[in-house]
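In case you want the letters, here they are:
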Amino acid sequence: MEEVPMLVRRIARPLLASSFVYGGIDTLRNPGSRVPGARPVVEQIAKTADEQLPVEVPRDVEQWVKIDAGVKVGAGILFALGKFPRLSALALAGSIVPTTLAGHRFWEDSDDEKKFSNQAHFLKNAGLLGGLLIAAVDTEGKPSAGWRVRRASDTAIAKAEAKFEKAQKKAEKAQKKASRGRTQRKLKKQAKKVGKEIGLS
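Quick look at the structure, then. (Residues numbered from 1 in each chain as written. Predicted model: local features only at pLDDT ≥ 70, side-chain atom pairs only at ≥ 80, totals over all residues. Heavy atoms only, no water.)

1. Comments concerning helix H5 (residues 112-136)
The condition that has to hold: Secondary structure elements follow DSSP: runs of H or I of four or more residues count as helices, runs of E of two or more count as strands, with numbering from the N terminus. Any helix carries an expected span of 1.5 Å times its number of residues minus one. Only protein chains enter the area calculation, which uses a 1.4 Å probe; residues under 20% of their type maximum are buried, those over 50% are exposed, and those in between are partly exposed. Note on definitions: a residue-residue contact is assigned when non-hydrogen atoms from the two residues lie within 4.5 Å. Whenever two N or O atoms come within 3.5 Å, that pair is a polar contact, provided that in protein one can donate a hydrogen and the other can accept it, and provided that, for residues adjacent in sequence, both atoms are side-chain atoms.
If you check H5, its first and last C-alpha atoms are 36 Å apart, about what 25 residues at 1.5 Å a residue would give, namely 36 Å. For H5, the complete set of buried residues consists of Asn118, Asn125, Leu128, Leu132, Ala135 and Ala136. On its buried face, H5 sits against helix H1 (3-29), helix H3 (61-81) and helix H4 (85-103). Capping the start of H5 is the job of one residue whose side-chain oxygen sits 3.3 Å from the backbone nitrogen of Glu113: Asp111.

Spelled out as structure tokens, the structure:
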């Protein structure tokens with residue numbers, strides 16, 4: 001039964017990655033066509049980053065368009081090949097958000113036909129984002145990192161508790177032994193005292 005999910009992943013990953021690789025290559029060949037749509041998003045991101053970061057973020061829109069396209073191509077190929085699938089899916093998910101906001105701002109369109117087209121692309125990208133998020137948390141049947149950390153923590157706690165209980169039992173034994181030794185010494189002293197008293201009388 002494990003072969004079926006693995007086969008589905010090998011088919012689904014290239015299908016999901018194909019639009020990113022194709023779109024990224026097309027953008028790298030002709031980045032200028034994406035600049036007007038990307039400009040307001042880049043300016044907003046740069047403005048927010050400048051307020052939060054100590055360094056100034058570059059505002060070259062074409063450069064950011066090329067970087068985004070490179071991420072799509074690189075992460076898309078890795079994801080299609082099943083190399084670092086969770087990380088590459090996460091990179092693609094992070095890339096598709098600004099792309100969608102830059103290229104399909106249907107709420108700003110006054111023309112009904114253009115608005116419908118952008119709305120359809122927006123929803124398509126939202127569906128791709130959903131698929132990527134699922135892929136980003138897909139552990140392929142293996143325990144997640146969080147589960148492994150919790151298990152290791154529980155194991156360490158259990159071992160520490162067992163060692164503490166063992167040490168506690170040893171301490172109790174030593175205490176009992178010491179107590180018996182004190183009792184015996186006390187009895188010997190009392191016996192000597194009684195013996196002296198008897199001898200004197």
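2. Overview of the side chain of His104
With respect to the element layout, His104 can be found in the loop between H4 and H5. What makes His104 buried here is its relative accessible area of 15%. Within the local environment of His104, its side chain forms a polar contact with the side chain of Asn118, the two groups lying 3.4 Å apart. Apart from residues no more than four positions distant in its own chain, His104 is found in contact with Asn118, His121, Phe122 and Asn125.

3. Concerning unusual backbone geometry
Trans peptide bonds make up most of the peptide bonds, and negative phi angles are found at most residues other than glycine. With a phi angle near 45°, Phe84 is a residue other than glycine that sits in the positive phi range. Within the secondary structure layout, Phe84 lies in the loop between H3 and H4.

4. Examining H3
Here H3 spans 30 Å end to end across 21 residues, near enough to the 30 Å set by a 1.5 Å rise per residue. Among all positions of H3, only Val61, Val65, Ala69, Lys72, Val73, Ala75, Gly76 and Phe79 are buried. Where H3 is buried, its residues meet H1, helix H2 (35-52), H4 and H5. Looking at where H3 begins, the residue whose side-chain oxygen comes 3.3 Å from the main-chain nitrogen of Glu62 is Asp60.

5. A closer look at a positive patch on the surface
Definition in use: Patch definition: residues above 30% relative accessible area lacking any salt bridge, with like charges linked at up to 9 Å and the nonpolar side chains Val, Leu, Ile, Met, Phe, Trp and Tyr linked at up to 5 Å. Note on areas: these come from Shrake-Rupley sampling with a 1.4 Å probe, and a residue is covered only by the protein chains present in the view. Each salt bridge in this description consists of a side-chain nitrogen of Lys or Arg and a carboxyl oxygen of Asp or Glu lying within 4 Å of one another. We treat Lys and Arg as the positive residues and Asp and Glu as the negative residues; His and chain ends play no part in the count. The location of each charge is read from NZ of Lys, CZ of Arg, CG of Asp or CD of Glu.
Together, Lys166, Lys169, Lys170 and Lys173 make up a region of like positive charge exposed at the surface. Inspection of the secondary structure assignment puts Lys166 in helix H6 (residues 145-200). For Lys166, a relative accessible area of 54% translates into the label exposed.

6. Details of the nonpolar core
Most often, soluble globular proteins have nonpolar side chains that are buried together. Our working rule: Grouping buried Ala, Val, Leu, Ile, Met, Phe, Trp, Tyr and Cys residues that are joined through side-chain atoms within 4.5 Å yields what is termed a nonpolar core.
If you look at the biggest cluster of nonpolar residues, it comprises 13 residues, and the most contacted ones within it are Leu16, Phe20, Phe79, Ala89, Leu92, Leu128 and Leu132. Among all residues touching Phe79, those that are not within four sequence positions of it are Arg13, Leu16, Ala17, Pro85, Ser88, Ala89, Leu92 and Ala135. In this structure, Val35, Ala38, Val42 and Val61 belong to the second largest nonpolar core, which totals seven residues.

7. Points about the pattern of salt bridges
Evaluation of the coordinates by the stated rule reveals five salt bridges. Across the pair Glu62 and Lys66 runs a salt bridge, and its minimum N-O distance is 3.6 Å. Of this pair, Glu62 and Lys66 are both found in helix H3, four residues apart, which corresponds to roughly one turn of the helix. Given the relative accessible area of 38%, Lys66 is considered partly exposed. For Lys72, the salt bridge is made with Asp68, and the minimal N-O distance between the two is 2.6 Å. Residue Lys72 and its partner Asp68 are both found in helix H3; the two are separated by four residues, about one turn of the helix. Take Asp68: its relative accessible area is 21%, and that puts it in the partly exposed class.

8. Some points on the side chain of Thr100
Structurally, Thr100 is set in helix H4. Given a relative accessible area of 8%, Thr100 falls into the buried group. Within the structure, the side chain of Thr100 is placed 2.7 Å from the backbone oxygen of Ile96, a separation counted as a polar contact. Setting aside its immediate chain neighbours within four residues, Thr100 contacts Arg105, Phe122 and Asn125.

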